Amino acid sequence: RRVMQVAGALILMVAAALTLALATWSAQDPSLNHATAGPVRNLLGAPGAIVADFVMQMIGFGAIAVVLPLIAQGLRLFRLRSGDNAVFRLGLWCVGVIATAATASLLPATDRWPLPTGLGGVAGDAALAVPRLIFAGSGAAMAGFGVAAAFVAILATSGAAGLGVAPEFEFPDVAGDEE
């Protein structure tokens, strides 16, 4: 039981660190693809700047769909509850991240957006490559695709986080382990 709680606490710490790194991300920070002698602005230092830059380049604002299910899983383990269908949730998590990135890529990037990709990063732009070819002349069709992508993003991310499912199995008390 304590191993489960420690695993849950570790997942929560990773989610908190990732959130802090992403919240203090700056494209001007030194990272693996941006060499600069300037100071690191990220609150987690150089490691936080590198991770945040990689995540933003790859999935952009799809990072929201990465963090929320991590928090839910960490809390689930910390509270000694086991969710069913871990493989299914992992699949939903991947679908949710890609759909969130695609939805973000449909939003117009401002002049202040520092990356050459859209707001959904490389994955979001890649997910939209085929629909943009198919619906090239129709803004209404792309808007419809965007609504569908947002719907899938919400459902998949919620499912990956375990929201709206039946009550979870609680681990039984093992060997008289009193709390």
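Look above for the structure.
Analysis parameters
- Note that residues are indexed from 1 along each chain, following the sequence as it is written.
- With pLDDT at 70 or above as the cut-off, local features in this predicted model cover only qualifying residues; side-chain atom pairs require 80 or more to be listed or tallied, and sums for whole chains, interfaces and linings still use all residues.
- Side-chain metrics in this entry use all non-hydrogen atoms of the structure; hydrogen atoms and water are not considered.
- Working definition of a nonpolar core: buried Ala, Val, Leu, Ile, Met, Phe, Trp, Tyr and Cys residues. They are joined through side-chain atoms within 4.5 Å.
- Residue burial is assigned from relative accessible area. The probe radius is 1.4 Å, only protein chains are included, and a residue is buried under 20% of its type maximum, exposed over 50%, and partly exposed in between.
- Here a strand is any run of E in DSSP of at least two residues, a helix any run of H or I of at least four, and the numbering for each starts at the N terminus.
- Salt bridges are defined by distance alone: a side-chain nitrogen of Lys or Arg within 4 Å of a carboxyl oxygen of Asp or Glu.
- Residues are treated as being in contact if the distance between any of their heavy atoms lies within 4.5 Å.
- By this rule the span expected of a helix is its residue count minus one, scaled by 1.5 Å.
- Under this scheme, a helix contributes an axis fitted over its contacting stretch, all axes are lines through C-alpha atoms, and angles between N-to-C directions fall in the 0 to 180 degree range.
- Any angle from 65 to 115 degrees is called roughly perpendicular, while one under 35 is roughly parallel, one over 145 is roughly antiparallel, and all others are oblique.
- Less than a right angle of anticlockwise turn of the near helix away from the far helix marks a crossing as left-handed, whereas a clockwise turn marks it as right-handed.
- Polarity classes work like this: nonpolar for Ala, Val, Leu, Ile, Met, Phe, Trp, Tyr, Cys and Pro, charged for Asp, Glu, Lys and Arg, and polar for all others, with Gly in that last group.
- Aromatic rings from Phe, Tyr and Trp, taking only the six-membered ring of Trp, are treated as a pair when their centres fall within 6.5 Å; an angle between ring planes under 30 degrees marks them as stacked, one over 60 as edge-to-face, and anything in between as tilted.

Draft legend 1. The nonpolar core, seen in detail. Counting 22 residues, the largest nonpolar core has Leu22, Trp25 and Ile59 as the members making the most contacts within it. At the level of secondary structure, the elements contributing two or more residues to this core comprise α1 (2–23), α2 (45–59), α3 (64–78) and α4 (86–106).

Draft legend 2. Seen up close, the pattern of salt bridges. Under the criterion given, the structure shown has 1 salt bridge. With a shortest N-O distance of 3.6 Å, Arg41 and Asp29 are connected by a salt bridge. Residue Arg41 is found in the loop between α1 and α2, and its partner Asp29 is found in the loop between α1 and α2; the two are separated by 12 residues along the sequence. In this structure Arg41 comes out as partly exposed when scored by relative accessible area, which is 47%. For Asp29, a relative accessible area of 2% gives the class buried.

Draft legend 3. How the structure looks around the environment of Leu20. With respect to the secondary-structure elements, Leu20 resides in helix α1. A C-alpha to C-alpha distance of 9.1 Å links Leu20 and Ala52, two positions 32 residues apart in sequence. Sequence-distant contacts of Leu20, defined by excluding residues within four places in its chain, comprise Leu43 and Leu44.

Draft legend 4. Geometry of α2. With 15 residues, α2 ought to run about 21 Å at 1.5 Å a step, and its terminal C-alpha atoms sit 21 Å apart, in line with that. Three or more residues of α2 are buried, namely Gly48, Ala49, Ala52, Asp53, Val55, Met56, Gln57 and Ile59. Residues of α2 that are buried in the fold lie against α1, α3, α4 and α5 (121–127). Two residues or fewer after α2 comes Gly60, characterised by a positive phi angle close to 50°.

Draft legend 5. Quick peek at the packing of α1 against α3. The interhelical angle for the contact between α1 and α3, taken along N-to-C directions, is 155°, at an axis separation of 7 Å. Taken together, the axis directions place α1 and α3 in an arrangement best described as roughly antiparallel. α3 is crossed by α1, and the crossing has left-handed handedness. Contacts between α1 and α3 involve Met4, Gln5, Ala7, Gly8, Ala9, Ile11, Leu12, Ala15, Leu18, Thr19 and Leu22 on the former and, on the latter, Val66, Val67, Leu70, Ile71, Gln73, Gly74, Leu75, Leu77 and Phe78.

Draft legend 6. Representation of the packing of α1 against α2 in the model. α2 packs onto α1 with a crossing angle of 80° between their chain directions and a minimal axis gap of 8 Å. Looking at the two axes, α1 sits roughly perpendicular to α2. Taken together, the residues of α2 that come into contact with α1 (itself represented by Leu18, Ala21 and Leu22) are Gly48, Val51, Ala52, Val55 and Met56. For the contact of α1 with α2, the class distribution of residues is 7 nonpolar, 1 polar and no charged.

Draft legend 7. Summary view of the environment of Pro47. By the element assignment, Pro47 lies in helix α2. Pro47 gets classed as exposed once you look at its relative accessible area, which sits at 57%. Separated by 17 residues in the primary sequence, Pro47 and Pro30 place their C-alpha atoms 9.8 Å from one another.

Draft legend 8. Broad picture of the packing of aromatic side chains. The full count for this structure, using the stated rule, is 2 aromatic pairs. A ring pair is formed by Trp25 and Trp113, whose centres lie 5.9 Å apart and whose planes are at 50°; its orientation type is tilted. With Trp25 in the loop between α1 and α2 and Trp113 in the loop between α4 and α5, the pair connects residues that are 88 residues apart, well separated along the chain. With respect to burial, Trp25 and Trp113 carry one shared label: buried. Aromatic side chains Phe61 and Trp113 sit 5.6 Å apart centroid to centroid with 35° between the ring planes, which places their arrangement in the tilted category.

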